[in-house]
Amino acid sequence: MILEILQYDFMRRALLAGLITAIVAPTIGIFFVVRRYSAMADTIAHLSLAGVAGSLLAGTAMIPTALGFSILSVLGIERMREKRTLPSDTIVSLFLFGGLALAVVLIGLARGKNVNVLNYLFGSILTVTNQDLILISVIGLITLITTALLWPLFFSVSLDEETAEAHGLPIRALNRTLAVLGAATVAISINIVGVLLIGALMVIPVLTSMKLRLGFFLTWAWAVVSSVISVILGLLLSYTFNLASGGVIVLVAIFFFMMASLKQAEK
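Please read these numbers as outputs of a predicted model, since none were measured by experiment.

Rules behind the numbers
Residues numbered from 1 in each chain as written. Predicted model: local features only at pLDDT ≥ 70, side-chain atom pairs only at ≥ 80, totals over all residues. Heavy atoms only, no water. Salt bridge = Lys/Arg side-chain N within 4 Å of Asp/Glu carboxyl O. Helix = DSSP H or I, 4+ residues; strand = E, 2+ residues; numbered from the N terminus. Buried < 20%, exposed > 50% of the residue type's maximum accessible area, 1.4 Å probe, protein only. Expected span 1.5 Å × (residues − 1). Contact = heavy atoms within 4.5 Å. Core = buried A, V, L, I, M, F, W, Y, C linked by side-chain atoms within 4.5 Å. Patch = residues over 30% accessible without salt bridge, like charges linked within 9 Å, V, L, I, M, F, W, Y side chains within 5 Å. Areas by Shrake-Rupley, 256 points an atom, 1.4 Å probe, with all protein chains shown as cover.

Caption draft 1: Inspection of the pattern of salt bridges at higher detail. By the definition in use, this model includes 4 salt bridges. Its salt-bridge partner being Asp-9, residue Arg-12 comes within 2.0 Å of it at the nearest N-O pair. Taken together, the residues Arg-12 and Asp-9, both in helix H2 (residues 9–34) and 3 residues apart, mark about one turn of the helix. In this structure Arg-12 comes out as partly exposed when scored by relative accessible area, which is 35%.

So this is what it looks like as structure tokens:
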């Protein structure tokens, strides 16, 4: 079946974009999960949706517009967190609902553009263009390289921020960098998983891998494996049965999580 599907250009683009997304999503997601900041992924996704709606209204390129809007928004979140005027979860919720409300308004204004908003909400393998693939590859590579270079620092901050600060680590810069990388992850995942489900792909494979109770690096490695398999199977099933790619991918990921949970319960 795979060889048959690879005869089509759009499926080759979708698979390549999906594999990049599958690697990047849990790579950033594991730091969000460890620091109990999983809601941040959903918040960035909703902010990205506002960026997508803005691009539809203005007629600009979707991925750069969504990325730019998300980066500005997450930097605003980090700025408010640093001032500590409100609890972190309250700030995240404020931006989440604000981003969703703005997206709804902008989508309403863009109704005359004759676009299928569901493709951006839940993903569609048909929407990946050659230009999108180039952008996804470049942004994904930059995200992975940056994360690899800062891996020990991200790990220290995620494990214990106060201790990391006491050791002189640049906490603010690291938090902002991680937030920007999260925005980049969401931006490259819009076509494949959709903005409403990318948070799940960042978190669920990590939770599945954590069931194995391994070290941090092996937990990340197995999360990537779980994510890659979920994306490949999800894309194949979505193509075969003409379903939204994002929903199928996340359902496959949830299936793996359930299997891991059952196996853990047997021990």
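Caption draft 2: Representation of helix H12 (residues 245–266). For H12, with 22 residues, the first-to-last C-alpha span of 32 Å sits near the 32 Å given by 1.5 Å per residue. Here the buried face of H12 lies against helix H6 (117–122), helix H10 (198–210) and helix H11 (216–241).

Caption draft 3: Summary view of the nonpolar core. Grouped together as the largest cluster of nonpolar side chains are 79 residues, with contacts concentrated most on Phe-32, Met-40, Val-52, Ile-192 and Met-202. Here the element with the most residues in this core is H2; it accounts for 13 residues. Beyond its immediate stretch of four places on either side in the chain, Met-202 contacts Ala-25, Pro-26, Ile-28, Gly-29, Ile-30, Phe-32, Ala-41, Thr-185 and Val-186.

Caption draft 4: Quick look at a nonpolar patch on the surface. Taken together, the side chains of Leu-212, Leu-214, Phe-217, Leu-218, Trp-222, Val-225, Ile-229, Leu-233, Leu-237, Phe-241 and Leu-243 define a hydrophobic patch exposed on the protein surface, amounting to about 1000 Å² of accessible area. Along the chain, Leu-243 turns up in the loop between H11 and H12.

Note that all results are geometric; they support no functional claim without further evidence.
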